[in-house]
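Now for the letters of each chain:
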Amino acid sequence: MIPNKIVTIFVSIILSVGAIYLGILSWNAVEEHNYIGISPKENHSVYITGKGKATGTPDVAKIQLGYSVEKKTVGEAQKENTEKMNAITNKLKKDFKIDSNNIKTIDYSISPQYDYAPTTGNQTLRGYSVSQDLVIIVKEMNKISQILDVAGAIGINQVGNLLFEIDDLEKLTQEARIKALEQAKIKAESLSRIAGVKLGKIISFSETSNEPVSYEDLDMRLEKIAPLDANAVSSVEAGSNEITVFATIQYEIINN
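Report on the accompanying structure.

Rules and cut-offs
- Residues numbered from 1 in each chain as written.
- Predicted model: local features only at pLDDT ≥ 70, side-chain atom pairs only at ≥ 80, totals over all residues.
- Heavy atoms only, no water.
- Buried < 20%, exposed > 50% of the residue type's maximum accessible area, 1.4 Å probe, protein only.
- Helix = DSSP H or I, 4+ residues; strand = E, 2+ residues; numbered from the N terminus.
- Contact = heavy atoms within 4.5 Å.
- Core = buried A, V, L, I, M, F, W, Y, C linked by side-chain atoms within 4.5 Å.
- Pairing = 2+ DSSP bridges.
- Axes fitted to C-alpha atoms, helices over the stretch in contact; angles between N-to-C directions.

This next bit is on helix α3 (residues 144–154). Of all 11 residues that make up α3, eight are buried, and the element is covered over most of its length. Inspection of α3 places Ile144, Ser145, Ile147, Leu148, Asp149, Ala151, Gly152 and Ile154 among the buried residues, and these make up the whole buried set. Structurally, α3 contributes buried residues whose contacts are with β2 (60–71), α2 (74–94), β4 (123–138) and β5 (158–165). Looking one or two residues past α3, Gly155 carries a phi angle of roughly 105 degrees, positive in sign.

Leu65, Ile88 and Ile156 are the most contacted members of the largest nonpolar core, which has 25 residues in total. Taken together, the elements giving at least two residues each to this core come down to β2, α2, β4, α3 and β5. Contacts of Ile88, omitting those with residues within four sequence positions, involve Leu65, Leu134, Val150, Ala151, Ile154 and Ile156. If you look at the next biggest cluster of nonpolar residues, it comprises eight residues, including Ile166, Leu172, Ile243 and Ala247.

Our next topic: the sheet that holds strand β8 (residues 241–254). Strands sit in the order β1-β8-β6 across an open sheet of three strands; the sheet is antiparallel. Only two strands of the sheet have a single partner each, and these edge strands are β1 (44–56) and β6 (198–209). On average, each strand axis in the sheet is inclined to that of its neighbour by 25 degrees, with strand direction left out of account. Pairing of β1 with β8 involves 13 bridges; the strand directions are antiparallel. The partner of Thr55 across the bridge, within β8, is Glu242. Along the sheet, helix α4 (residues 169–195) makes contact with β1, β6 and β8, crossing β1 at roughly 140 degrees.

That's the geometry; what it means functionally is another story.
This is the structure in structure tokens:
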């Protein structure tokens, strides 16, 4: 058996080591918190937002062209609709060299048309309406007016949603982004001088932007127009598109 004196010495050593270890932990806690009840020291920072704008000229247009017709039978309505849509499609491909990939059918519908008798509440089938719409992507802006004129000459009776876009949008966005960052930097330096603090490294960065688009009001429907006047000359201007970028930078504030 181990003598009681040795056991007592061993226990004393264990207790001493434990006390020293707890003392070290307590000291570290004091150094980190200063005293109980205070959270660890946090780095201070400030968020600065800059705004940048860039303007570009649209180089892509999307035009919606369609034809709607009502006839006694579905077959008659489909026949006339097909003739009109084939005529405009062939013109687009042959005369304007527009690729088939840039001509897309977005709607085709057949619907019965009724006459309603208010006195009796009865409905009588009048005929059938067939409607078809295309979206055409045009990359040569000088062709837009000519396409609209040809559509009028053929008798296309639904024209609308002329949309102008910029093909290389990222280039325009980058230009606006640089301006936003430069403005944010100037604002941050000015604020630090006024507040008497020193800015440190950039902690985080984020941005938001709008996607620039512009529309030409070409919402012309069957009830508004007869076949467009072939002698009329359409005038369409693409104008310019503007993109705005907001850049938010988080700067570290260094204690003097």
